Amino acid sequence: MLHTVNYTIPSPRLPEGFHGFRVVHLSDLHGAVFGDNNKFLIHRIGQARPHIIAMTGDMADDDRASLANLTSLADRLADRWPVYYIPGNHEQALSAARFLGLAKKLESLGVTVLENNWVTLSRRGSFVKLYGLTMAMKYYKDRLRADYVRGVHFSPADTEKALGKADRDCYNILLSHNPLYYPAYRDWGADLTLSGHIHGGIIRIPGLGGLLSPDLTLFPRYDGGHFTERGKHLIVSRGLGNHFLVRVMNPPEIGVITLTRQKESSS
């Protein structure tokens, strides 16, 4: 059932040393398991020969089995590749003690947990920055939550408040679970944003896309796949697991993203 989706992201801003750099993008596992100890998932990841693995949230739900599945997977992946993880709204909904325990466990396994901070990635004498954004739960616009706020918005200034100014002299990759506010990330300075959360719209309708987002919006704009705006790129994973309703025409997805250096236009 696993579906590998390949994306090629060109940019003249990408340093030469990162040409051909591969990122495996995992999101919204929700504690699912693919074979004993996730052997099918890990095999498929290995076939992609990633340089890093990016987990963009909702990898576990609030139960012991789900959390154990995530830490077991993280242990096996981090033994072979650098792994970077940001929490999604489901991890944020954990109790403070349980989430702190999860974050510490992941870090003890060698996973880099990013919460409104960044790291520098280096390769062949070149550097890029990898940021991880965590936003307050109210920005998910979940109408079923008691803290739902109508009309709330997340702006480029909010992104800067969380992460600081984007380094405009550097190629910037942003991990943000929620793609709803992609224009804010784009205008803040993210060259490439990786998100999840929407589950591909749960039910995929040919010619129309995903039907429903977790905030109960019909036909969400950033439902899944590759979006290009103002020369910047967004990849929205359709996710690996499920939390509500049944996925239809929407198989679990592993994203394989290859960065390429594009020559500057002569015009």
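Cut-offs and rules
Residues numbered from 1 in each chain as written. Predicted model: local features only at pLDDT ≥ 70, side-chain atom pairs only at ≥ 80, totals over all residues. Heavy atoms only, no water. Core = buried A, V, L, I, M, F, W, Y, C linked by side-chain atoms within 4.5 Å. Buried < 20%, exposed > 50% of the residue type's maximum accessible area, 1.4 Å probe, protein only. Helix = DSSP H or I, 4+ residues; strand = E, 2+ residues; numbered from the N terminus. Contact = heavy atoms within 4.5 Å. 1 Å grid on protein atoms, 1.4 Å probe; cavity = no way out; pocket = protein on both sides within 12 Å on 5 of 7 lines; lining within 4 Å. Points joined across faces, edges and corners; volume = space filled by probe spheres on them. Nonpolar A, V, L, I, M, F, W, Y, C, P; charged D, E, K, R; others polar. Pairing = 2+ DSSP bridges. Axes fitted to C-alpha atoms, helices over the stretch in contact; angles between N-to-C directions. Salt bridge = Lys/Arg side-chain N within 4 Å of Asp/Glu carboxyl O. Expected span 1.5 Å × (residues − 1). Arc of directions from axis to C-beta.

> I keep staring at the nonpolar core and nothing clicks. Help me out?
Here is a general trend for soluble globular proteins: nonpolar side chains tend to be buried in one another's company. Formed by 32 residues in total, the largest nonpolar core has its most connected members in Leu26, Leu77 and Tyr85. Breaking this core down by element, the ones donating at least two residues are strand E2 (21–26), helix H1 (39–48), strand E3 (52–55), helix H2 (64–78), strand E4 (83–85), helix H4 (96–108) and strand E14 (253–261). Sort the elements by how many residues they give to this core and H2 lands first, with six residues. Contacts of leucine 77, omitting those with residues within four sequence positions, involve Leu26, Ile42, Ile45, Ile53, Met55 and Val83. Tyr84, Ile86, Leu130 and Ile235 belong to the second-largest nonpolar core, a separate cluster that totals 23 residues.

> What's the story with the layout of surface pockets in this structure? I'm lost.
Vacant regions in the atomic arrangement are exposed by a probe of water-molecule size rolled over the atoms. Within this model, the largest pocket holds a volume of roughly 350 Å³. Asn89, His90, Asp142, Pro214 and His243 are the residues nearest the centre of the largest pocket, which is lined by 18 residues in total. When the residues that make up the lining of the largest pocket are grouped by side-chain class, the tally is eight nonpolar, six polar and four charged.

> Is there a simple way to explain the sheet that holds E4 in this structure?
Think of a sheet as strands paired side by side through backbone hydrogen bonds, with each pair either parallel or antiparallel. Ordered by their spatial adjacency, six strands build an open sheet running E1-E14-E2-E3-E4-E5, and the pairing between neighbours is mixed. A single partner strand is all that each edge strand has here, and the edge strands are strand E1 (3–11) and strand E5 (112–113). Both E3 and E4 contribute to a ladder of three bridges, which runs parallel. The residue of E4 that forms the bridge with isoleucine 53 is valine 83. Lying on the sheet, H1 is in contact with E1, E2, E3 and E14; it crosses E2 at an angle near 160 degrees. Most of the contacts of H2 go to E3, to which it runs at about 160 degrees, and overall it touches E2, E3 and E4.

> Can you help me understand the pattern of salt bridges in this one?
It is possible for side chains bearing opposite charge to pair when their charged atoms get close. On inspection of all chains with the given rule, the structure shows eleven salt bridges. Residue arginine 261 pairs with glutamate 16 through a salt bridge whose shortest N-O separation is 3.5 Å. Of the two residues, arginine 261 sits in strand E14 while glutamate 16 sits in the loop between E1 and E2, which places them 245 residues apart along the sequence. Given the relative accessible area of 36%, arginine 261 is considered partly exposed. Across the salt bridge formed by aspartate 223 and arginine 204, the nearest N and O atoms sit 2.7 Å from each other. One end of the pair, aspartate 223, is in the loop between strand E11 (209–210) and strand E12 (225–229); the other, arginine 204, is in strand E10 (residues 204–205), and 19 residues separate them in sequence.

> Which parts of the structure should I look at to understand the sheet that holds E12?
Judged by pairing direction, the sheet is mixed, and its six strands sit side by side in the order E6-E7-E8-E9-E13-E12 without closing on themselves. In the strand order of this sheet, the two ends are held by strand E6 (117–123) and E12, each with one partner. For this sheet, the mean angle separating the axes of adjacent strands, direction not counted, is 20 degrees. By the bridge criterion, seven bridges tie E6 to strand E7 (residues 126–133) in an arrangement that is antiparallel.

> Quick question: what am I supposed to make of unusual backbone geometry here?
Excluding glycine, most residues fall at negative phi; most peptide bonds, likewise, are trans. Here aspartate 58, not a glycine, exhibits a phi torsion of approximately 55 degrees, which is positive. For aspartate 58, a relative accessible area of 2% gives the class buried. In this model, phenylalanine 219 sits at a positive phi of 45 degrees, which is unusual for a non-glycine residue. Relative to the elements of secondary structure, phenylalanine 219 occurs in the loop between E11 and E12. Judged by relative accessible area, phenylalanine 219 falls into the partly exposed class, the value being 38%.

> It is not clear to me how H4 should be interpreted in this structure. Could you clarify?
Counting along an α-helix, one turn takes 3.6 residues, and residues three or four places apart therefore face a common direction. Its 13 residues place the ends of H4 18 Å apart at the C-alpha level, agreeing with the 18 Å of an ideal helix rising 1.5 Å per residue. Looking only at H4, the buried set comprises Phe99, Leu102, Ala103 and Leu106. Down the axis of H4, the buried set is contained in an arc of 95 degrees. They therefore lie on one face. Of the exposed residues in H4, those oriented more than 90 degrees away from the buried face are Ala97, Lys104 and Ser108. Turning to H4, the residues buried within the fold contact H2, E4, helix H3 (89–92) and E5. One or two positions beyond H4, positive phi appears at glycine 110, with a value near 105 degrees.

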